[in-house]
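One-letter residues, chain by chain:
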Amino acid sequence: MAENQDGQERTEEASAKKLADARKKGQVARSKELATMMVTMAGALMLIATGGQLAQAMQSIMRGSFSPSFLLSPTESLPSQLYGLLVHGLLSIWPLMLATLLAAIIANVVLGGWTFNLSFKFDRLDPIKGLGKLFSVRSLGELVKSIAKMAFIGLAAFLVLQFMAEDILGLGLQDPQQSIANSAALLDWFFLIVSLPLVVIAAIDVPWQLWNYKKELRMTRQEVRDEHKESDGRPEVKAKLREMQQAAARQRMMEKVPTADVVITNPTHFAVALRYDEARSSAPVLVAKGADQVAARIRELAKDNAVTIVESPRLARAVFASTELDAEIPAGLYLAVAQILTYVYQLRSWQTMGGEYPVAPEPEIDDVYLKDLL
């Protein structure tokens, strides 16, 4: 079984990422036998389909090149006449050339898909590695495949020639024009039949190339784990990103403290900031909360921005445990928070108009409800 340099067996199938990376490098499954078969078969079929027209065109070119007007033409006009014959020949064989070109493109695209890579690796020029590849198991397989291919084609050619022997010998008894036409037809069919073994070879080679391609891209378990870490994010990087996100969220939360109506504290361990806007919500909304150092920062911002701070340990813990940021407080805390807000409004009135100093309330919270929250 294949092993890497660390001695670990490559037992895992290639991941989608590794397959994509290999494709970017131009490493895809390819079968030379499939390309050879499709090009050969396309050429043979096209010769059968257009062989008559091609033979007539070639006959016309031969007649033109051996005509007295061509052979006795002035020297200065010879290049243009040769150019005309060349264009005539190319125009005659363009269907054959187009068919074989399309077959070559399709044969490569149908198996490994379309890739385009201009990268050049200097290690391919290393003669030591070249000798290693020359005497590798893969090279031995290619040699066996080539021998089998030649044996198949040779056997097919022998059988076809034996079958066509009488027709081939009969060509000598025909008039030249008929003999040339029949020999062209026999040659077309000979070419097609001799090409048929390539179909069998390609049918064997394609699955082999696909299997070998997947085998070469297999991964060790450690490579799979490393790839998962890279795709999911390494723990230390994720922890750092989470820390940055939390810091940004705290910063946004702290910016809302000056807009609060009241900050309720534990008094030191917890702090929650509430804002009540009748036009926007049906109940007070929690705009900030925190414990320990975050609670101390909330209290500090509240003092700096003249936000009322009320000590109510039970209520502070209840709001902290039951309410998410930017959410309304639960119905079970309506009465207790209403008492705090009433005190806040009375305190503002006293600061503006004077009179009797309001007394901070002791909010009423049902013990059973508070126990369920905590």
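Everything numeric here is computed off the predicted structure, so don't read it as measured data.

### Some details on the overall build of the protein chain
- When its secondary structure is counted, the protein chain shows 14 helices and 4 strands.
- Here the protein chain holds 374 residues, and 29% of them are scored as buried.
- When contacts within the protein chain are restricted to residue pairs at least 6 apart in sequence, long-range pairs at least 24 apart make up 72% of them.
- A total accessible area of about 24700 Å² is found for the protein chain, and carbon and sulfur atoms account for 62% of it.

### Looking at helix H13 (residues 334-353)
- Its 20 residues place the ends of H13 28 Å apart at the C-alpha level, agreeing with the 28 Å of an ideal helix rising 1.5 Å per residue.
- Of all the residues in H13, the buried ones are Ala 336, Val 337, Ile 340, Leu 341, Tyr 343, Val 344 and Leu 347. For H13, the arc enclosing every buried residue in end-on projection is 150°, short of the 170-degree limit, so these residues lie on one face. Turned more than 90 degrees away from the buried face of H13 sit Thr 352 and Met 353, all of them exposed.
- Where H13 is buried, its residues meet strand S1 (262-265), strand S2 (270-275), strand S4 (308-311) and helix H12 (313-322).

### Points about a nonpolar patch on the surface
- On the surface, a nonpolar cluster with roughly 1000 Å² of combined accessible area is contributed by Tyr 83, Val 87, Leu 91, Trp 94, Leu 98, Leu 101, Leu 102, Ile 105, Ile 106, Val 109 and Val 110.
- Structurally, the position occupied by Leu 102 is in helix H4 (residues 78-112).
- Residue classification places Leu 102 among the partly exposed residues on the basis of a relative accessible area of 44%.

### Some thoughts on the nonpolar core
- Grouped together as the largest cluster of nonpolar side chains are 20 residues, with contacts concentrated most on Val 262, Ile 264, Leu 274, Leu 315 and Leu 333.
- At the level of secondary structure, the elements contributing two or more residues to this core comprise S1, S2, H12 and H13.
- Here this core takes 7 residues from H13, the largest share from any one element.
- Residues in contact with Leu 274, not counting those within four places in the same chain, are Ala 260, Asp 261, Val 262, Ile 264, Val 285, Leu 286, Val 287, Val 319, Ile 329 and Val 337.
- Counting residues in each nonpolar core, the second largest holds 16 residues, with Ala 22, Leu 34, Met 41 and Val 206 among its members.

### Examining the packing of aromatic side chains
- Summed over all chains, the structure comprises 3 aromatic pairs.
- Judged by centre distance (4.8 Å) and plane angle (90°), the rings of Trp 350 and Tyr 357 are edge-to-face.
- Given the relative accessible area of 30%, Trp 350 is considered partly exposed.
- Positioned over the ring face of Phe 320 is Lys 289, at 5.0 Å from the centre of the ring.

### A word on the pairing of S4
- The alternating pattern of S4 places Thr 308 and Val 310 on a buried face, while none of Ile 309 and Glu 311, on the opposite face, is buried.
- The pairing of S1 with S4 spans 4 bridges and is parallel. Bridging from a neighbouring strand, Ile 264 pairs with Val 310 of S4.

### A look at the pattern of salt bridges
- In total, this model carries 4 salt bridges according to the counting rule given.
- Of the charged contacts in the structure, one is a salt bridge between Asp 326 and Lys 256, with a shortest N-O distance of 2.9 Å. With Asp 326 in the loop between H12 and H13 and Lys 256 in helix H10 (residues 235-256), this residue pair connects regions lying 70 residues apart in the sequence.

What counts and how
Residues numbered from 1 in each chain as written. Predicted model: local features only at pLDDT ≥ 70, side-chain atom pairs only at ≥ 80, totals over all residues. Heavy atoms only, no water. Helix = DSSP H or I, 4+ residues; strand = E, 2+ residues; numbered from the N terminus. Buried < 20%, exposed > 50% of the residue type's maximum accessible area, 1.4 Å probe, protein only. Contact = heavy atoms within 4.5 Å. Areas by Shrake-Rupley, 256 points an atom, 1.4 Å probe, with all protein chains shown as cover. Expected span 1.5 Å × (residues − 1). Arc of directions from axis to C-beta. Patch = residues over 30% accessible without salt bridge, like charges linked within 9 Å, V, L, I, M, F, W, Y side chains within 5 Å. Salt bridge = Lys/Arg side-chain N within 4 Å of Asp/Glu carboxyl O. Core = buried A, V, L, I, M, F, W, Y, C linked by side-chain atoms within 4.5 Å. Phe/Tyr/Trp six-rings, centres within 6.5 Å; stacked < 30°, edge-to-face > 60°. Lys NZ or Arg CZ within 6 Å of the ring centre and 35° of its normal. Pairing = 2+ DSSP bridges.

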